[in-house]
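Residues per chain are reported as follows:
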Amino acid sequence: MASIMRKVVAVGCRRAVAVRDVRAFSSSSSLPDGFRSPQAVADAVAAALAAENDPENTARRIKKQVPRNPNQSAKLERRHLEGDVIATENITGKQLLSPMNNPVWQVIKPEHFEKVPVPKDWSVGLQKLQESIGVTFQDVTLLKSALTHHGCLPSDPVPEDVPVGRLSNRSLEFLGDSLLGAAAAAYVYQMLPKYQEGQLSRAKSALVKNETLAQISGDMGITDLLIWPPEFNEATGAPKIVKGRVTIAAGAVESLIAAIYLDQGMDTAMNFVTTHVLPRSVEYATRDVIWEPTVELQNLLQGHYYGQPVYKYRPAPANASTYAVELYVKGRPILKASAPSYKLARNKVAEAAYWHFEKLLGPAR
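Residues numbered from 1 in each chain as written. Predicted model: local features only at pLDDT ≥ 70, side-chain atom pairs only at ≥ 80, totals over all residues. Heavy atoms only, no water.

Per an unreviewed UniProt entry, the recorded name for the protein chain is RNase III domain-containing protein, and the organism is Phytophthora oleae.

Okay, here's the thing in structure tokens:
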């Protein structure tokens, strides 16, 4: 009995010590620096809720959000990490149109490019490119970055506080892609007023696709000035290498657009696009890409209540020279076509049905 009592007393003492320790830990004086007690957190939450429901605080917050000048548009805010602090910086429309006026955005300096290996006489080629496009860079480092693939950068090219991605054309390609896409979208919208949304999207895609931009890159001499990754430096017939070179060459055009925008502003960048890029894109864009016969036939049939077209692929050996596809509308065979592949045969039969719609199906309903 005595031993049992001793165990009960011991357990009670341990619980008392535990409770005492919890209470001690709950006091702010015993917490390490930077930590807050549960009670302090609860008090802070209660104070925040009270402030949120305070009519005076609400009125002050709403008043702060309204611009002082009713005729002045509200400013965008750029939040970025600076160490452990999130800083806020106002961005105006003028800064977006003329980013070269904000030196804080230009994080890459000429000295950061000193460790990047460049070809001999590269500077001469850069000068000739500027003359051919009619743009003289104030900061040639932007042009160098636009023509440098990220796979060519050394392991430690810049200080740790400088983003390596900005030293190559990786970030510039992202920015230039958006600028070119906006210009191409505006162009097809103005030039093709009878086209629907899907047709406009295909037309825009044809203007800015990699194959088209790669041709433009070669025509303008951009491809010859590119600093390629070692594995893509020599042109070979391997499909992966060919596709990779096309993608890199196309990205260089987009990067150049972004570099011009950052160095000269939106007006100069758009002038470059409309003078040197879009005219060539229109020339190279093929009708097959802009006009998709299967999509057009489907829209035509659905618009006249014929439902979805059905394509039946006729069996053929794997090494056959021709493949046949037959078109059915409302369960009735309409047309049949053959081509070196099923895809070509399907497009062929769809295009024929589209242009001979009334002859095959009767007058439009």
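Draft legend 1. Expanded view of the packing of aromatic side chains. A full pass over the atoms with the stated rule returns four aromatic pairs. Measuring from ring centre to ring centre gives 5.7 Å for Tyr306 and Phe357, while their planes differ by 85 degrees; the resulting arrangement is edge-to-face. Remark: Phe357 occurs in helix H16 (residues 357–361) and Tyr306 occurs in the loop between helix H14 (293–303) and strand E3 (310–313); sequence separation between them is 51 residues. Phe357 sits in the buried class, given a relative accessible area of 7%. A ring pair is formed by Tyr354 and Trp355, whose centres lie 5.1 Å apart and whose planes are at 90 degrees; its orientation type is edge-to-face. Tyr354 gets classed as partly exposed once you look at its relative accessible area, which sits at 23%. Through pairs of rings, three or more aromatic residues link up here, namely Tyr313, Tyr323 and Tyr342. Sitting over the face of the ring of Tyr328, Lys312 holds its NZ or CZ atom 4.2 Å from the ring centroid. (Phe/Tyr/Trp six-rings, centres within 6.5 Å; stacked < 30°, edge-to-face > 60°. Helix = DSSP H or I, 4+ residues; strand = E, 2+ residues; numbered from the N terminus. Buried < 20%, exposed > 50% of the residue type's maximum accessible area, 1.4 Å probe, protein only. Lys NZ or Arg CZ within 6 Å of the ring centre and 35° of its normal.)

Draft legend 2. Quick peek at helix H7 (residues 170–191). The first and last C-alpha atoms of H7 sit 31 Å apart over 22 residues, in line with the 32 Å expected at 1.5 Å per residue. Of the residues making up H7, those classed as buried are Leu172, Gly176, Leu179, Leu180, Gly181, Ala183, Ala184 and Val188. (Expected span 1.5 Å × (residues − 1).)

Draft legend 3. Expanded view of the sheet that holds E3. Spatially, E3-E4-E5 is the arrangement adopted by the three strands of the open sheet, whose pairing is antiparallel. Each edge of the sheet is formed by a strand with only one pairing partner; in this case those strands are E3 and strand E5 (332–339). Between one strand and the next, the sheet's axes are offset by a mean angle of 25 degrees, whatever the strand orientation. With seven bridges connecting them, strand E4 (residues 323–329) and E5 associate as antiparallel partners. In the sheet register, Val325 faces E5, and the bridge partner there is Ala337. (Pairing = 2+ DSSP bridges. Axes fitted to C-alpha atoms, helices over the stretch in contact; angles between N-to-C directions.)

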